[in-house]
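As a plain string of letters, each chain reads:
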Amino acid sequence: MKFIDSHCHLNYKGLAEQQQHVLERARAAGVATMLTISTRESEWDDVIGIAEREADIWATVGIHPHEADAHAHIDTAKLVERAQHPRVVGIGETGLDYYYDHSDRVRQQTSFRAHIAAARQTGLPIIVHTRDAEEDTAAILREEMDKGTYLGVIHCFTASGAFADIALGLGFYISISGIVTFKNAKHLQETATRLPLERLLIETDSPFLAPVPHRGKTGEPAFVADTARFLAQLRGVDVMTLAAATSANFHRLFTKVKS
């Protein structure tokens, strides 16, 4: 039984200092593939370097909405250029975060659209972060889809069921993190039970959001197996079925990844 962690940050503090041990534990837990995500330009070389060294790890290039103000110089052309690297398989993470508002909202929106244009040009999927910004996120996704189709995933999904339906209607995949195991995540659990199996991914977003029974610990890719087991039980399916489906979905979306 093999799992895929579709979103982690292997270069972040908490994982980077013990990277080889983290990877060994992930592989021992049955994690066959990991996608390490960038959030600022200074990380691009690091995440690509990890993917170059490790055959089961792939990378993305992108600017997190928190970083939009500091990265006004990152446009579609720069993203497209770096995405040509053979180990870069996605664009992001990008999106909108109105909960913290670490960057100006208009700047976030401009950056988000630049990433979508890069996804459209490269044919690579976009990794979308959205928090307290459902309406604007949905509007931008729709407007940009009208300009030309592109693929993507809503990562670490915590939004409403209505937003899930919009994303699914646009052809997006939805990725579930360890948050689904939390006691106070009843609304997310309700949505997670009805998401189409063929559009479902799983992730850790490590080093954040360690699932039950690891709450309070530094998250790591090995824990995606715990999220998978919880989600399988929640949906009333065998964990092997869920592991196989989410892995197949990952490869269907991230077509540049070689098995």
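Here the structure is shown first, and the text comes after it.
I will try to describe carefully the structure that is included in this document.

So, the layout of surface pockets
Stage number 1. Taken as a whole, the largest pocket holds about 660 Å³ of empty space.
Stage number 2. Only β4 (88–97), β5 (126–131) and α7 (186–194) provide two or more residues apiece to the lining of the largest pocket.
Stage number 3. It is α7 that provides the largest number of residues to the lining of the largest pocket, a total of four residues.

Some remarks on empty space enclosed by the protein
Stage number 1. Summed over all chains, the structure comprises one cavity of 30 Å³ or more.
Stage number 2. The space that makes up the largest cavity amounts to roughly 30 Å³.
Stage number 3. Ile4, Ser6, Leu201, Ile202, Thr246, Ser247 and Phe250 are the residues that line the largest cavity.
Stage number 4. When contributions to the lining of the largest cavity are tallied by element, the ones reaching two or more residues are β1 (3–8), β8 (200–202) and α9 (239–253).

So, the pairing of strand β2 (residues 31–36)
Stage number 1. With respect to burial, β2 is a largely interior element, five of its six residues being buried.
Stage number 2. Pairing of β1 with β2 involves four bridges; the strand directions are parallel. When the bridges of β2 are listed, Cys8 appears paired with Thr36.
Stage number 3. The parallel pair β1 and β2, bridged by helix α1 (residues 19–28), forms a crossover whose chirality is right-handed.
Stage number 4. Looking at chain direction, β2 and strand β3 (residues 57–61) are connected through three bridges and run parallel. When the sheet's bridge partners are listed, Met34 is paired in β3 with Ile57.

A closer look at helix α2 (residues 44–53)
Stage number 1. Where α2 is concerned, the buried positions are Trp44, Val47, Ile48, Gly49, Ile50 and Ala51.
Stage number 2. If you follow the buried residues of α2, they end up packed against α1, β2, β3, α3 (76–82) and β4.

Quick word on the packing of aromatic side chains
Stage number 1. For the coordinates displayed, the defined rule picks out five aromatic pairs.
Stage number 2. Ring geometry for Tyr12 and Phe208: centres 5.8 Å apart, planes at 80 degrees, overall edge-to-face. Of this pair, Tyr12 sits in the loop between β1 and α1 while Phe208 is found in the loop between β8 and α8 (224–235), placing the two residues 196 residues apart along the sequence.
Stage number 3. With a relative accessible area of 15%, Tyr12 lands in the buried category.
Stage number 4. Here the aromatic rings of Tyr99 and Tyr100 are separated by 4.8 Å at their centres, their planes lie at 85 degrees, and the arrangement is edge-to-face.
Stage number 5. The exposure class of Tyr100 is partly exposed, given its relative accessible area of 44%.

As for unusual backbone geometry
Stage number 1. The peptide bond linking Gly92 to Glu93 adopts the cis configuration, its omega dihedral lying at 20 degrees.
Stage number 2. With respect to the helices, strands and loops of the structure, Glu93 is situated in strand β4.
Stage number 3. With an omega of 15 degrees, the peptide bond running from Ser206 to Pro207 counts as cis.
Stage number 4. One can find Pro207 in the loop between β8 and α8.

Re the nonpolar core
Stage number 1. Core analysis: the largest hydrophobic core is formed by 68 residues, its most contacted members being Leu141, Phe157, Phe172 and Ile176.
Stage number 2. Sequence-distant contacts of Phe157, that is, excluding residues within four places in its chain, are made with Phe163, Ala164, Ile174, Ser175, Ile176, Leu188 and Thr191.
Stage number 3. By size, the runner-up hydrophobic cluster in this structure holds 13 residues, among which are Ile4, Leu35, Ile127 and Leu253.

Description of the environment of Tyr150
Stage number 1. Position of Tyr150 among the secondary structure elements: in the loop between α5 (134–147) and β6 (152–154).
Stage number 2. Exposure remark for Tyr150: the relative accessible area of 5% places this residue in the buried category.
Stage number 3. Contacts of Tyr150, omitting those with residues within four sequence positions, involve Ile116, Arg120, Ile126, Ile140, Leu141, Glu144, Met145 and Phe172.
Stage number 4. A polar contact is formed between the side chain of Tyr150 and the backbone oxygen of Leu141, at a distance of 2.8 Å.

Regarding the sheet that holds strand β7 (residues 173–176)
Strand pairing within a sheet occurs via backbone hydrogen bonds; the two strands may be parallel or antiparallel.
Stage number 1. In space, the eight strands of this open sheet follow the order β1-β2-β3-β4-β5-β6-β7-β8, with parallel pairing throughout. Both edges of this open sheet fall to β1 and β8, since each of them pairs with a single strand only. On average, adjacent strands in this sheet sit at an angle of 30 degrees to one another, irrespective of strand direction.
Stage number 2. Sheet analysis places β3 next to β4, joined by three bridges and oriented parallel. What sits directly across from Val61, in β4, is Ile91.
Stage number 3. Lying on the sheet, α2 is in contact with β2, β3 and β4; it crosses β3 at an angle near 160 degrees.

What counts, and where the lines are drawn
- Residues numbered from 1 in each chain as written.
- Predicted model: local features only at pLDDT ≥ 70, side-chain atom pairs only at ≥ 80, totals over all residues.
- Heavy atoms only, no water.
- 1 Å grid on protein atoms, 1.4 Å probe; cavity = no way out; pocket = protein on both sides within 12 Å on 5 of 7 lines; lining within 4 Å.
- Points joined across faces, edges and corners; volume = space filled by probe spheres on them.
- Helix = DSSP H or I, 4+ residues; strand = E, 2+ residues; numbered from the N terminus.
- Buried < 20%, exposed > 50% of the residue type's maximum accessible area, 1.4 Å probe, protein only.
- Pairing = 2+ DSSP bridges.
- Right-handed = clockwise from strand over helix to strand, strands pointing away.
- Contact = heavy atoms within 4.5 Å.
- Phe/Tyr/Trp six-rings, centres within 6.5 Å; stacked < 30°, edge-to-face > 60°.
- Core = buried A, V, L, I, M, F, W, Y, C linked by side-chain atoms within 4.5 Å.
- Polar contact = N/O pair within 3.5 Å; in protein donor to acceptor, adjacent residues only side chain to side chain.
- Axes fitted to C-alpha atoms, helices over the stretch in contact; angles between N-to-C directions.

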